[in-house]
Amino acid sequence: MPLQSSTRTLPWYAVPWIVDGWQKVKRYPLIPLAILLFMLVIPAIFAPLVAPHDAFQGSLSHRLMPPFWQEGGSTEHILGTDKLGRDMLSRIIYGARVSLTVSLIAIFVGGIIGTALGLISGYFGGWTDAVIMRLVDISLSLPTILLALVLVAAVGPSFGTVITVLIVLLWARYARLVRGETLAIKELDFIARARVAGASHTRIMGKYIFPNVVNSLIVLATLQVGYVILLESALSFLGAGLPRAEPAWGVMVSDGRELIVTAWWVSMFPGLAIMLTVLSLNLMGDWLRDHLDPKLRNL
Amino acid sequence: MKTKLTSLFAGLLMAAAAILTAAPAPGWAAPVKRLIFASAGFHESNRFWTIARPDHLQFEPFWETLVGIDPKTGDYIPALATKWSSSPDFREWTFHLRKGVQFHNGYGEFTSQDVVHAHSLLIRKDSTATLRPFWATVEEVKPLDKYTVVFRFKNPAMPSSMLFGASRSGDLRMTSKAQWDKEGIEGLDKQPAGTGPFQYAGRKTGLNILFKRNDNHWSGNKVEFEELEFRIAREEATRLALLLSGDVHIADLPRELHKDALAKGLKRFQSSLAVDWVSVYMGGLWFITGDKSFDPKAPFVNKKVRQALNISINREELLKTVFAGRADLAYVSLWVPTSEGWNSKWESRFKELYAYNPEKAKQLLKEAGYGPGNPLKFEFWAFTEPGESEGPAIADALAIYFRNVGVQAEVQMHDWAKIRTAYRKKQSKNFMWPNIIGWRPADQGVRNFYISKGNNHHYEDDFLEKTFGEVAKSTDAKKRGDLLQAIGNHIQEEYADIPLFWFRNEVFANPKVVSNWVYPGPAAGRSSHFEGIKLVQ
Amino acid sequence: MQRFMAVRVLQSLMAILVMSMIVFGLARISGNPLDVMLPIEALPEDYERLEKHWGLDKPLHEQYFIFVKKALQGDFGQSLKYQGKSAMGLVAERLPATLELAGFALLISAILALPIGVLAAVAKGSSMDTAAKIIALLGQSLPAFWLGIVLMWIFAVLLDWLPSSGRGGLQHLILPAITLGWFQVAAIMRLVRSSMLEVLDSEFVKLARVKGIPEWKVVWKHCLRNAGIAPLTFFAIIAGSLLTGSVVTETVFTWPGVGLLVVDAVRSRDFQVVQAVVIMFAGIFILCNLLVDILYAYLDPRIRVQ
């Protein structure tokens, strides 16, 4: 029903704010949002309700069944089963939960640390700035995958290890971004006025500078979720990521690697899941950047 | 402008396509000049005294040993030694060497000096050879004359151990002393001289090793192909792909891929004998009186728990699925019928004690104090090494069986080194791990795995310590047999571990190139006797 | 300018030093290499013997000082796994393979990315632009290891056009290079596109058009030259990502380069080699960053003042 037509033909429930709302919604990137919703958010939150089978328990007699459209497959296991008879679809759904948890925690913690350090660094300048920026440089020059490999060899694969590695790698980008913005903002008049009025450093950083940095942070975070998922799956692939008990997408691709010639679905579908998720996250990130802060075009 | 660029693109694409298709497609020619075997990889070095037994695969074609192994029966047969005998107390072993054997590259005739030299390499300060502890008990290697040499031991060396070490199963590789004197260790690194049916032609680290046929081999047998290459391809999928595309002619594949390899027409050759076995070891079972590391609250300490875990596993199903039916049940870890101390009653006892019975398992766990409100929890540490990929599959499968009886086993992937450190330092009381290893004489196996002196601490107790102490002292075959059998009985009855399967070494080959390959299996490198490969004519 | 350079160089050296400490510590914590090297038959006295032989029985900080002292002379120790080879020697042996792969990957991605990026900028909003955006997005969303496996499956197994692993001729190089370079295509393309967009809008371009200079000359000659400065920063990042990306790609295709070497070394606790590789990677990355910073400072005086 065309909402742009005159108000006389609008139904009784089409109050103005719904009309406005609908027009706003049309401007949003629906397709990537939909993909994200179905691939990441809903599975992650509602996994036990949505998954058709148990992702951890399989029946050995049902192992390596192909997807339902191939000979030997069945609608019981739409995307087939893996080496141990576990349903692929259910594992992918639970895998969303794993990926989302890991990346959100890593980005959240890394983001907080990075933002705090970036604010301090940009605001105070001088030696503090120099030290923090050197730390940033070192952190950015760490060969990520190698260090993860060595760390996991030292401490063993676990949720904690992977998240720690990711945090160590992520915070620096936030710090650098926030520092740059802080440098620009702190020269502005209203900051000077606040200083004169006697506001403490913390207050200035928290109340005046931080809100202006939030937009960029959101864009960076969204773009980073995809990157983190890729990194975590690469680490899991190399055996330096999450413990095998978790149905992480990267672990699944790695498991299916030796079966690529014969049971292609064990690797393909988790890989596809990674790709679609990261793709839509990047699209979202791009859209956010275009709408929130075009200055960040070169991020 | 747009059309100009589009045509430029098109041109580039066509050029790329031309380059790609100009590359010659690999052919399936037979008979071949160079036979290529794809291996999962090994520690690459010519310093054989630093190489573990399974990785002696890389020396198989060119470095020989005193005693050989019959490819069909697995019996010990003459190789570089034609005859051997021991003194009644087994402290002296005399080997009579084959006359007229020439080293490659003109380094002269093989004599007893070379035997002395080979042994001296194995006991070097930097030696990490598998059987070094055995070779270190040799007091002296004396050359009686040019073709006779005597090994004098501090303690009696039983035939099973001596022949194991001196044969193709062991690591005493006969290398040229003349070359060592002339070129030192660099010569050995670069172009080692051996006596085998092939000579070493060179290697590219991470890529391959090349061997050339030795037309003057002492056996007089003619190898059907001129060159042999070991191509290193650590990924299973890659090895299968290489086989299917004809890039290699033989490769070993994990059992996972056997069904499909056969479906695609590849031919399977298995070793004549079973050679590797897999059991799952449980940590923390240190029952020797006075052992401070012992924790009575550790998960596996209660015998009922161990029994329950054992009978919750459907071994037949596991065999059919994860191992594709290509294995035999192990009735007691370590032992095959030809091992010292084998008890023919173990098979029937096994069927009684270890039969699949999940209901009984749940009952036993309840008696041990576990139940739905208080489930038994422990970790399962799995690992994978190139060429040994079954570990995680076993771990996952067993975790499922355990789950069915209410046990929560958390599967964790670690690397092998970490697991070893943990069980060596007795930090393993909360986890179990798969032990995939090759056959060795029973007394060596017991000493490695069930005795406090060994490095693998999972199950130990006073009975085993005492009994094994007597084995070590005895040289009487019957007495040793009885004692070792008593040890085996004890291990089986106490549910000391979770025995699973014995399996043979299996490789796949291109049927258009390879027609037959008979090899025993117990050779150090598993795949061996490459000189016996018969090609399609 | 001199002071700026001196400070930056000093900072880079500090970074490398910190890196070495981190790697050294981690590698040592990761476990005892003897547990990999020695067979299960080994007795406690064998462990002692080899610990003494390899100097592993000394306290950690002492081992570190010995390590640094030798490293400054270029000796990164002996590989524990490949007896008889020095750690740096192994790295030097494998480096050409990785450089070959990375170089080819960079070439492929540049050849693909540059023209598409330029065209996308010029034909902004058209289907070409959208196609470029899609390619860029795909590049940044595909997990490299998965792409490698898919490519191997399609081209080496199903079609049998290309070999599936190992190093050899041009044909062996193609699949790994595409896998490695794919991510870069996206990054380079977006970069070129955004730089070009900025430049295309600028005054002197409008002037050039008014002067009657043919469009293609405007785009390729004038704009590209100016737009080329920005991608320079990313060259350092790309070099870094190529080196670390090589770890995954070399594992998938069993390409005998430095990436595969280090994965093996970690697995076998060959920490001399691990240290050598990580420090070398970090060193290259830091060096690239340093060069770029200096170049930038040279081109843009404002930065020097900071």
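Structure report, in brief. In this numbering scheme, every chain counts its residues from 1 along its sequence in written order. Key to labels: chains lettered from A, ligands numbered from 1, both in the order written. With pLDDT at 70 or above as the cut-off, local features in this predicted model cover only qualifying residues; side-chain atom pairs require 80 or more to be listed or tallied, and sums for whole chains, interfaces and linings still use all residues. Side-chain descriptors were evaluated using all non-hydrogen atoms of the structure, hydrogens and water having been removed beforehand.

Some thoughts on the overall build of chain A
Across its full length, chain A holds 10 helices and 0 strands. In sequence order, chain A lays out its α and β elements as α-α-α-α-α-α-α-α-α-α. The proportion of buried residues among the 299 residues of chain A is 57%. Here, two residues are considered to be in contact whenever any of their heavy atoms come within 4.5 Å of each other. Within chain A, contacts between residues at least 6 apart in sequence are counted, and of these 71% link residues at least 24 apart. Helical segments are the DSSP runs of H or I of at least four residues, strand segments are the runs of E of at least two, and each set is numbered from the N terminus. Three labels apply to residues, based on accessible area from a 1.4 Å probe with only protein chains included: buried if under 20% of the type maximum, exposed if over 50%, partly exposed otherwise in between.

Considering the packing of helix α3 (residues 88-124) of chain A against helix α8 (residues 201-238) of chain A
Residue and element names in this part refer to chain A. To get an axis, a line is fitted to the C-alpha atoms, and for a helix only the part in contact is used. The angle between two axes follows their N-to-C directions and goes from 0 to 180 degrees. Direction vectors running N to C along α3 and α8 enclose 145°, while the axes themselves pass 8 Å from each other. Classified by chirality, the crossing of α8 by α3 is right-handed. Together, Ser99, Val102, Ser103, Ile107, Thr115, Leu119, Ile120, Tyr123 and Phe124 of α3 and His201, Ile204, Met205, Ile209, Phe210, Leu217, Ala221, Gln224, Val225, Val228, Ile229 and Glu232 of α8 make up the contact between the two elements. Only Asp, Glu, Lys and Arg are considered charged in this grouping, and only Ala, Val, Leu, Ile, Met, Phe, Trp, Tyr, Cys and Pro are considered nonpolar; every other residue, Gly among them, is considered polar. Looking at side-chain class alone, the contact of α3 with α8 contains 15 nonpolar, 5 polar and 1 charged residues. What makes a crossing left-handed is the near helix being turned counterclockwise from the far one by less than a right angle; a clockwise turn instead makes it right-handed.

Some details on the pairing of strand β19 (residues 498-509) of chain B
All names here are of chain B. The element β19 is extensively covered by neighbouring structure, given that 11 of its 12 residues are classed as buried. Only strands that DSSP links by at least two bridges are regarded as paired with each other. Examined bridge by bridge, strand β11 (residues 250-252) and β19 share 3 bridges and lie antiparallel to one another. Counted as the bridge partner of Ala251 is Phe508 from β19. In terms of strand pairing, strand β12 (residues 267-282) meets β19 through 10 bridges, oriented antiparallel. Each bridged residue has a counterpart across the sheet, and for Asp276 the counterpart in β19 is Phe503. Where strand β14 (residues 328-329) lies against β19, 2 bridges are found, and the strand directions are antiparallel. In the sheet register, Asp328 faces β19, and the bridge partner there is Trp502.

Topic: the interface of chain C and chain A
Contacts between chain C and chain A engage 44 residues on the former and 40 residues on the latter. Of the roughly 3800 Å² buried between chain C and chain A, counting both surfaces, carbon and sulfur atoms make up 79%. For chain C, the biggest contributors to the area lost against chain A are Phe145(C), Trp146(C) and Trp153(C); these three give 17% of the whole. We define a salt bridge as a side-chain nitrogen of Lys or Arg found within 4 Å of a carboxyl oxygen belonging to Asp or Glu. Between chain C and chain A we count 0 salt bridges in total. Think of a polar contact as two N or O atoms within 3.5 Å of one another; within protein, one of them needs to be a possible hydrogen donor and the other a possible acceptor, and neighboring residues in sequence only count if both atoms come from side chains. Across the contact surface, chain C and chain A share 2 residue pairs in polar contact (both at pLDDT 80 or more). Elements represented by at least two residues in the side of chain C that touches chain A include exactly α1 (2-29), α6 (127-141), α7 (144-158), α8 (170-200), α11 (231-253), α12 (258-267) and α13 (271-299) of chain C. A per-element tally of the side of chain C that touches chain A places α1(C) first, with 10 residues. Here the residues of the side of chain C that touches chain A sort into 33 nonpolar, 7 polar and 4 charged. Accessible area that two parts lose when put together, evaluated with a 1.4 Å probe and summed over both, is termed the buried area.

Considerations on the interface of chain B and chain C
Counting from both sides, the interface comprises 50 residues of chain B and, opposite them, 51 residues of chain C. Of the roughly 4600 Å² buried where chain B meets chain C, counting both sides, 58% is carbon and sulfur surface. Linking chain B with chain C are 1 salt bridge, by the criterion used here. Of the charged contacts in the structure, one is a salt bridge between Asp46(C) and Arg132(B), with a shortest N-O distance of 3.5 Å. Mapped by element, the contributors of at least two residues to the side of chain B that touches chain C are α1 (2-22), α3 (132-135), α6 (236-245), α13 (416-424) and α14 (442-449) of chain B.

A few points about the sheet that holds strand β7 (residues 148-153) of chain B
Within a sheet, neighbouring strands are paired by backbone hydrogen bonds and run either parallel or antiparallel to one another. Residues and elements named next belong to chain B. Within the open sheet, the 4 strands sit side by side as β4-β5-β7-β6. Their pairing is antiparallel. Since the sheet does not close on itself, it has two edges, and those belong to β4 (81-86) and β6 (138-145), each with one partner. Direction aside, neighbouring strands of the sheet carry axes that sit 20° apart on average. As defined by bridge partners, β4 adjoins strand β5 (residues 92-97) across 5 bridges and the pair is classed as antiparallel. When the sheet's bridge partners are listed, Lys83 is paired in β5 with His96. Relative to the sheet, helix α2 (residues 112-122) contacts β5, β6 and β7, its axis offset from that of β6 by approximately 165°.

Quick notes on the nonpolar core
Put simply, buried Ala, Val, Leu, Ile, Met, Phe, Trp, Tyr and Cys residues joined by side-chain atoms within 4.5 Å make one nonpolar core. Ranked by internal contacts, the top residues of the largest apolar core, which has 151 residues, are Leu66(B), Phe151(B) and Leu309(B). Of the residues forming this core, the biggest block, 9 residues, is contributed by helix α12 (residues 390-404) of chain B. Leu166(A), Ala199(A), Met19(C) and Leu162(C) belong to the second largest nonpolar core, which has 139 residues in total.

Some remarks on unusual backbone geometry
Residues and elements named next belong to chain B. In the Ramachandran plot, Phe90 falls in the positive-phi region, its phi being about 60° despite a non-glycine side chain. Counting through the fold element by element, Phe90 comes out in the loop between β4 and β5. You will see that His529, though not glycine, has its phi angle at about 55°, which is positive. Relative to the helices and strands, His529 is located in the loop between β20 (514-516) and β21 (534-535). Since its relative accessible area comes to 6%, His529 is described here as buried.

As for the packing of aromatic side chains
Put simply, two rings from Phe, Tyr or Trp (the six-membered ring, in Trp's case) pair if the centres are within 6.5 Å, and we call them stacked under 30 degrees between planes, edge-to-face over 60, tilted for the rest. Across all of its chains, the model carries 56 aromatic pairs over all chains by this definition. Measuring from centroid to centroid gives 5.2 Å for Phe59(B) and Trp63(B), while their planes differ by 55°, and the two rings are tilted. For Trp63(B), a relative accessible area of 0% translates into the label buried. Each ring is checked for a lysine NZ or an arginine CZ that lies within 6 Å of its centre and within 35 degrees of its normal; such an atom marks a charge sitting over the ring. Cation over ring: Arg255(B) sits above Phe503(B), and NZ or CZ is 4.4 Å from the ring centre. Residue placement shows Arg424(B) over the ring face of Tyr47(C); its charged tip is 3.8 Å from the ring centre.

A closer look at the environment of Ser216(A)
Take Ser216(A): it is sitting in helix α8. Along the sequence, Ser216(A) and Leu177(A) sit 39 residues apart, while their C-alpha atoms lie 8.0 Å from each other.

Examining the environment of Thr81(A)
Residue and element names in this part refer to chain A. Along the chain, Thr81 falls in the loop between α2 (30-50) and α3. Expressed as a C-alpha distance, the spacing of Thr81 and Pro67, which sit 14 residues apart in the sequence, is 7.8 Å. Residues contacting Thr81, with those up to four places away along its chain left out, are His62, Arg63, Leu64, Met65, Arg86, Asp87, Met88, Trp265 and Val266. A polar contact of 3.1 Å, which involves the side chain of Thr81, links it to the backbone nitrogen of Leu64.

Considerations on helix α5 (residues 177-190) of chain B
Residue and element names in this part refer to chain B. Over its 14 residues, α5 runs only 15 Å from end to end, short of the ideal 20 Å by more than 12%, given 1.5 Å per residue. Those residues of α5 that sit buried are Gln179, Gly184, Ile185, Gly187 and Leu188. Among the residues of α5, the N-terminal cap falls to Ser176, whose side-chain oxygen and the backbone nitrogen of Ala178 are separated by 3.3 Å. Helix span is expected to be 1.5 Å times the residue number reduced by one.

Overview of the pattern of salt bridges
Where charged atoms from two side chains of opposite charge come close, those side chains can pair. Residue and element names in this part refer to chain B. Under the definition given, this model contains 39 salt bridges over all chains. Glu140 is paired through a salt bridge with Arg152; the nearest N and O atoms lie 2.8 Å apart. Taken together, the residues Glu140 in strand β6 and Arg152 in strand β7 connect sequence positions 12 residues apart. On the basis of relative accessibility, which here comes to 30%, the residue Glu140 falls in the partly exposed class. In this structure, Lys303 and Glu494 form a salt bridge, with 3.6 Å as the shortest nitrogen-oxygen distance. Highlighted residues: Lys303 in helix α8 (residues 303-311) and Glu494 in the loop between α16 (477-493) and β19, separated in sequence by 191 residues. The exposure class assigned to Lys303 is partly exposed, which follows from its relative accessible area of 34%. If you follow the salt bridges from partner to partner, you end up with Arg34, Glu227, Glu229 and Arg231 in one network.

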